[in-house]
Every structure is written in C-alpha cells, then in structure tokens.
Amino acid sequence: MSWLRSFRVVFAKEILEGIRDRRALVAALFFPFLGPALLAVMLSLVSQSSRRADEEGVDLPVAGRENAPNLVHFLEQGARVVAAPGDPEEAVRRGEVDVVLVIPPGFGEALRAGRPAAVRLVTDESRQQARPSAAAAEHLLAAWSRQTAAQRLVVRGIHPAVVEPLAVERVDVSTPASRAASLLATIPFFLVMAVFTGGMPVAIDATAGERERQSLEPLFAAPLPRSALALAKMAGASVFSSLALLETATGFALVPLALPSRLGFSMHLDLGIVTRILLLCLPMVALSSALMVTLAARARNFRAAQTTLSLLMLVPALPGMAIGLMSARPPPSLYAVPFLGEQLVITHLLRAEDVGPAQAGLSAAATLAATALVAALAIRTFERGQPLFDA
Amino acid sequence: MIELEGVAKAFGAIEALRGVTFTVPDGQITGLLGPNGAGKTTALRIVYGVLRPDRGRALVNGVDLAGDRLAAQRRLGVLPHAQGLYTRLTAREHVLYFGEMHGLSGAALARRADGLVRLLGMEDFADRRTEGFSQGQKVKVALARALVHDPENVVLDEPTNGLDVAATRQVRALLRQLREEGRCVLFSSHVMQEVSALCDRVVVIARGQVVAEGTPDDLRRETGRESLEDAFVAAIGSEEGLG
C-alpha cells in the first residue's frame, strides 16, 4: 500500500472522529466568532462615544444657573446647558448624568468682591464613559476663568500675557478612525488564537488522547509508515484549524456590516484583503498543527498535553499584539520570526499600508521552514514509538 | 511462522528480555506462558513491531521486522493487551478502518466486515459506537479488526482477560478455528487452564528468559510433574505472579 494511501486512510479517520467530537466542533465552530464579536462591540462603543462628543456636543446640567448668568452664557457656547437633576450627587452616582455643575448662591457676590468664586463639579471618575463630558466641562470652566482673569488684569493696566509664562497648546490628533485602528491591532491576535484553538482538541485527541485510550498500539502494529501517521494527524488538526481561521476571518469581514454605517473610519477588510490574510495564515496553520501534534505526542498524558498547548498558544499571540499596537515600523528581521512576521504583515494590510512581497514571502518561507523542522521532529518521535509509551 | 532469535530488550535499568529465542510454527496454537512481569507483552510487542529489540531479531514468515517492518506487519493480525477502541467510531468502522490500512477497500472490504460481524456474533452492536461496550464486546471488535486482512499469523496478548465464561469459550473456539485454517497462532496468558485447554505448544517465560518449551506433555515429562500447573511452577522456580 502506498504512502499516500496510508496517509489518506488515517487522515479520513481523524476527520471523522473530529466531526463526532463535540469539543472539537465547539472549538472549530463557535469559539472563532468570539474575536469578531468582541471587536464589533468595542468598535460600536468607540463610535458611539466619539459621535456623541464630536457631533452632538456635551450635555452640561447646571444647578443654580440664575446665580451666574454670565458664566452660563459662556458655557452655552461650548455645551448644551440643561436643567440639573434634584440631587446632583445621587444622579451622577447612579450614572443618570455624566456631570453636574453646581453654582452656589454666593457666586456672584464672591466674583464681584474679587474673591475666588466657588463652583462644584460633580463627576464620577470611575466611569470611563463620563470622562469626555467631565473633561469638556472642566475645559470650559478653565477657559472662562482665564478670560475673566485676563479682563481683570487689563482693567489694572497689566498685559494678560505677563501671568501666562507658558502657553501649552494641546493638539489631539486622535480621531475616531485612529482610535478604532488601535482596536484593529487585536485582529492578528485573534487570528493566531483561532489557528491554535481550532486544531487543538484534534491534535491532543489524535496523540495523547489515543495513548490514553490505548488505541495507538493497534495503530502502530498496523503496516503504516510512521511518517504517514504523524503527518496525517497534523493534517487532521490543520483542517479544523483552517476551519476556525476561515470563520474568524469571515467574522471580521462581517464586522463593518454589523455596525452603524457612520463609523467615522473605514476598515480595510474587503474580500480581497480577507483572501490575502487567509493565504498568509496558511503557513501558520501548518506550523501550529505540527507543533501541537509533536508536543502532545510527547506529553506525559492528556491533561499535560492540554496545559502545554494552552501555554504554547499564548507565546506567539502576545508579542504579536504588542508589536501590532506599536506605531513604529518594526525591523525587517522580525518578519522572519514565525507567527510574528504574519501578524506584522496582516497589521500592515489592515492599516492599508504597503506590504512588499519580500516581507510576506520572508514570513511565509520562515514559517514553512520551521514547519518542516517540527514535522521532522514529530516523525522521529513517531518512528521511535514514543507516543505509545510514557515519554 | 514467527521466530525470535536472541531478542533482548531493556527499559532503562530494567532488563525485560534477556536473549529470548523461540519459534511459533504454522497450524498450531502456541501459548506464551509466564507470570506477570515475565516479559510476555514486551516479547509480543517486538513481534508486532511497536518495539524494537536492543539485540537479536524477530521474523514473520522469514521477514525481519527491523528490515521491512511493513511487510512483516501485513502478515500479522494483532490483538494488543488493551483493546484500545475509538469511542466515537462504530464497531464496523473499526473493522473498515483497519481493513483500509491493510490495503482493502470497497465492496470486498464491506463483505469481509460483514463476514467477521457474523463470525464473531456482533450483529447486535456492529453499527453502534463503542462507547460503553462490555469487555466481551470490546474484545470481539478488536478481534474482528485484527483478522480483517486474513492474516497468516495471529498474535494475541491475553485475549480472554476479563471475559465471562461464554465469551471465553467463543474466543477459544475462534483460536481453534484459526489453527484449523493452518494459521500460526501465538497468544500469551498467565492462566494455566487456558494454556492446557488450547495449546499445542507452550513457551514458558520467566524473568525475561525462556525456561521451558514444548508440548504440554513434553513439559510434564521434562519436569516429572503430573499437572501442567506443577510443571509450570517447577519450570519458573516459584509461584510468584501466577493466576
């Protein structure tokens, strides 16, 4: 019987068993949607909060507006001044409003007397969502304070610039688009996770699992080239890994459709990009399957294999995410690091940056070379009969 | 025919086999008898090619396992110590899977599987997944799987272990049938009654060495004991590990 036929027979059985394994199916069919779902939720939050701040302006509830008509008039130029709730602190605590400005009755008198006139700004610093409104209110109050101070100085014949030795000009270049783009950096991370989690149950089941159920011994007693056995098990894991990858990528491609059209930025996730991302990920699928089968075959038992592979998954995923968040261009040598190179190239694609064929080619070649190395190791492990007995 | 020539195997500091030589002829049932830990399973594993000997060699129909493992394994039907079934495959799927590994396919393989299901009386559970099978059902599946390619040599590691009386009798009948068909049958056991009921030849193994070999009558004569059990104890020199 030919090598290829041996491979095919074992491969077909791995697929059949995988399809009948609920754990493998959940890993391959449901988990992959987690990443896209998370991204969709985060993006819609970003777009909501930025739309509110950028377009609708900030609501500013003011209590005691009759105490400072001038101040309120000034505030109205930067925010929508509305009536404050009866108990400002309780309302803020409950999150009914983001911020309340309380102007006490003595405000006008203190102002006229030239004493610091107290106002109270009620906020909840622990609420992330409330921060833009609170910051806007503080900003307006500071501006009015400066303006009033300047007027007083002018009246006394002093140029206002004298008390402003420093002129800090803050320029916030972040836009909804760039804030959302930093979220896109999580996409390569989720793709790597999908590659590993999709194939993991099958890789473990086909090696450590078979040993635990003692079904490897009859398999090793059958006239099969051990290399066919090892590679068929890798191929089986690859199929489920690819399935998870395909779903994750499809999920990400659907994210823009699931969100309101006015996202404020464009996501570069059309069909062409998704296809290129999938092609880029194929070497990762091969390498992850080879790694998982090799390590699981050498693991002491089923549980040890699970622990090892769960840790293995984080090793390539985390540095990729860190580098994806960096804005500087990474050094070329990083593209030759398996898993990292792919994540860098994918990040470039998502940011609509130029990716040279050299970078993509380098990362694919490096990953495939690593795959060959690991597969050779797996074949050696199988030829020694190591998966059969305790390592 | 199965031959072991000076086979030695150590696991770390433990010498499981220390130069084992014996021959298993065709058309006979040969029993590999020995106390627990004597090296029976190690010897069988070397015969069916999942372990490599440190020294010596094992041959199946004259083919050296170290030279052409696949050719030797094609002529072997193997029932390992543990049945090792796939819980998500049906009994019949096990038979088909191993049939395909041995190069069978299509209608011929389906007919062969049907024949084995009938031969082993597996009609009731042939198309059920093996999860929750009784020990007897598991052994039957493993036997069908071992015989799917009509092997000239059959190696069984304690085939009746854990079986009830009816199932044990069925397995014994099957082994006799395999002998009538002219096959070479090698099985291991530590149960005396089984060996005396079935075997044409006995190889007694203890502490990794062959301590006696021959027909049950030879054994009794050589040791000067009436029962095979006494002969066995005399041969291995102790009662330790006997079942």
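Being a predicted model, the structure only gives us computed values, none of them experimental. (Residues numbered from 1 in each chain as written. Chains lettered and ligands numbered in written order. Predicted model: local features only at pLDDT ≥ 70, side-chain atom pairs only at ≥ 80, totals over all residues.)

1. Quick look at the overall build of chain B
- Assigned secondary structure in chain B consists of 9 helices and 10 strands.
- What you see for chain B is a C-alpha radius of gyration of 18 Å, in line with the 18 Å of a compact globule of 243 residues.
- Projecting the C-alpha coordinates of chain B onto the three principal axes gives extents of approximately 55 × 40 × 35 Å.
- Residues classed as buried in chain B amount to 49% of the 243 residues present. (Helix = DSSP H or I, 4+ residues; strand = E, 2+ residues; numbered from the N terminus. Rg over C-alpha atoms; globule rule 2.2 N^0.38 Å. Buried ≥ 20, exposed ≤ 12 C-beta atoms within 10 Å, placed from the backbone.)

2. Concerning the overall build of chain A
- Helices and strands together make up the secondary structure of chain A, namely 15 helices and 4 strands.
- Relative to all contacts within chain A whose residues are 6 or more apart in sequence, the contacts with residues 24 or more apart total 77%. (Contact = placed C-beta atoms within 7 Å.)

3. Considerations on the sheet that holds strand β5 (residues 63–64) of chain B
Residues and elements named next belong to chain B.
- Spatially, β2-β1-β4-β5 is the arrangement adopted by the 4 strands of the open sheet, whose pairing is antiparallel. The open sheet has two edge strands, β2 (14–24) and β5, and neither has a second partner.
- As paired strands, strand β4 (residues 55–60) and β5 are joined by 2 bridges and run antiparallel to one another. Its bridge partner being in β5, Leu59 is matched across the sheet by Asp64.
- Against the sheet, helix α1 (residues 40–47) contacts β1 (2–11), β2 and β4, and its axis sits at roughly 120° relative to β1. (Pairing = 2+ DSSP bridges. Axes fitted to C-alpha atoms, helices over the stretch in contact; angles between N-to-C directions.)

4. Some points on the nonpolar core
- One finds A:Leu191, A:Val293, A:Ala296, B:Ala43, B:Ala144 and B:Val204 to be the most contacted residues of the largest nonpolar core, which totals 154 residues.
- Sequence-distant contacts of B:Val204, defined by excluding residues within four places in its chain, comprise B:Leu33, B:Gly34, B:Val210, B:Val211, B:Ala212, B:Glu213, B:Phe232, B:Ala235 and B:Ile236.
- Ranked by size, the runner-up nonpolar core spans 22 residues in total, among them A:Leu75, A:Ala79, A:Val97 and A:Val122. (Core = buried A, V, L, I, M, F, W, Y, C linked by C-beta atoms within 7 Å.)

5. Here's the deal with the sheet that holds strand β7 (residues 153–157) of chain B
All names here are of chain B.
- Pairing within the open sheet is mixed, and its 6 strands lie in the order β6-β7-β8-β3-β9-β10. Taken across any chain shown, the strands that pair with only one partner, and hence form the sheet edges, are β6 (76–79) and β10 (209–214). The mean inter-strand angle of the sheet, taken between neighbouring strand axes irrespective of direction, is 15°.
- In this structure, strand β3 (residues 28–33) lies alongside strand β9 (residues 201–206), joined through 4 bridges in parallel fashion. When the bridges of β9 are listed, Leu33 appears paired with Val204.
- Here helix α8 (residues 216–223) sits on the sheet and contacts β9 and β10; the angle it forms with β10, its principal contact strand, is near 110°.
- Each of β3, β9 and β10 is contacted by helix α9 (residues 228–236), which is oriented at about 40° to β9, the strand it contacts most.

6. Here we look at the confidence of the model for chain A
- In this model, chain A carries a mean pLDDT of 84, and residues with pLDDT of at least 70 account for 88%.
- Across chain A, element-level confidence peaks in helix α1 (residues 3–19) of chain A with a mean pLDDT of 95 and bottoms out in helix α8 (residues 176–184) of chain A with 65. (pLDDT = per-residue confidence, 0-100.)

7. A closer look at the interface of chain B and chain A
- The partner chain A presents 19 residues to the 22 residues of chain B that form the contact.
- Within the residue set of the side of chain B that touches chain A, elements represented by two or more residues are α2 (69–74) and α3 (91–101) of chain B.
- For the side of chain B that touches chain A, the element with the most residues is α3(B), which contributes 4 residues.
- Looking at side-chain class alone, the side of chain B that touches chain A contains 13 nonpolar, 5 polar and 4 charged residues. (Nonpolar A, V, L, I, M, F, W, Y, C, P; charged D, E, K, R; others polar.)

8. Overview of helix α2 (residues 22–29) of chain A
All names here are of chain A.
- Within the sequence span of α2, burial applies to Ala24, Ala27 and Ala28. What you see down the axis of α2 is that its buried residues fit within an arc of 90°, all on one side. Projecting away from the buried face of α2 at angles above 90 degrees are the exposed residues Arg22 and Val26.
- Here the buried face of α2 lies against α1, α9 (186–212) and α11 (226–258). (Arc of directions from axis to C-beta.)

9. Considerations on the pairing of β9(B)
All names here are of chain B.
- Taken across its 6 residues, β9 has 6 buried, putting it largely inside the fold.
- Residue alternation in β9 divides its side chains into two sets, Arg201, Val203 and Ile205 and Val202, Val204 and Ala206, and both sets are buried.
- Both β9 and β10 contribute to a ladder of 5 bridges, which runs antiparallel. Residue pairing in the sheet places Val203 in a bridge with Glu213 of β10.
- Where β9 folds back on β10, the antiparallel hairpin that results is connected by 2 residues, among which Arg207 adopts a positive phi of roughly 50°.

10. Comments concerning the confidence of the model for chain B
- For chain B, per-residue confidence averages 91 on the pLDDT scale, and 98% of positions sit at 70 or higher.
- For this predicted complex, the interface score ipTM comes out at 0.92, while the overall pTM is 0.79.

11. Overview of α1(B)
- The element α1(B) is extensively covered by neighbouring structure, given that 7 of its 8 residues are classed as buried.
- B:Gly49 lies just past α1(B) and shows a positive phi near 80°.

12. A look at the packing of α9(A) against helix α14 (residues 340–350) of chain A
Residues and elements named next belong to chain A.
- Orientation of α9 relative to α14, taken along the N-to-C sense of each, is 135°, at an axis distance of 9 Å. Taken together, the axes of α9 and α14 are oblique relative to one another. Viewed along their axes, α9 and α14 form a crossing whose handedness is right-handed. On α14, the residues that touch Ile187, Pro188, Leu191 and Val192 of α9 are Gln343, Ile346, Thr347 and Leu350. (Parallel < 35°, antiparallel > 145°, perpendicular 65-115°, else oblique. Left-handed = near helix turned anticlockwise from the far one by under 90°.)

13. Some words on the environment of A:Leu39
Residue and element names in this part refer to chain A.
- Within the fold, Leu39 resides in helix α3 (residues 34–56).
- Given 22 C-beta atoms within 10 Å, Leu39 falls into the buried group.
- Along the sequence, Leu39 and Phe190 sit 151 residues apart, while their C-alpha atoms lie 9.9 Å from each other.
- Dropping the residues within four chain positions of it, Leu39 is found in contact with Leu183, Thr186, Ile187, Phe252 and Val255.

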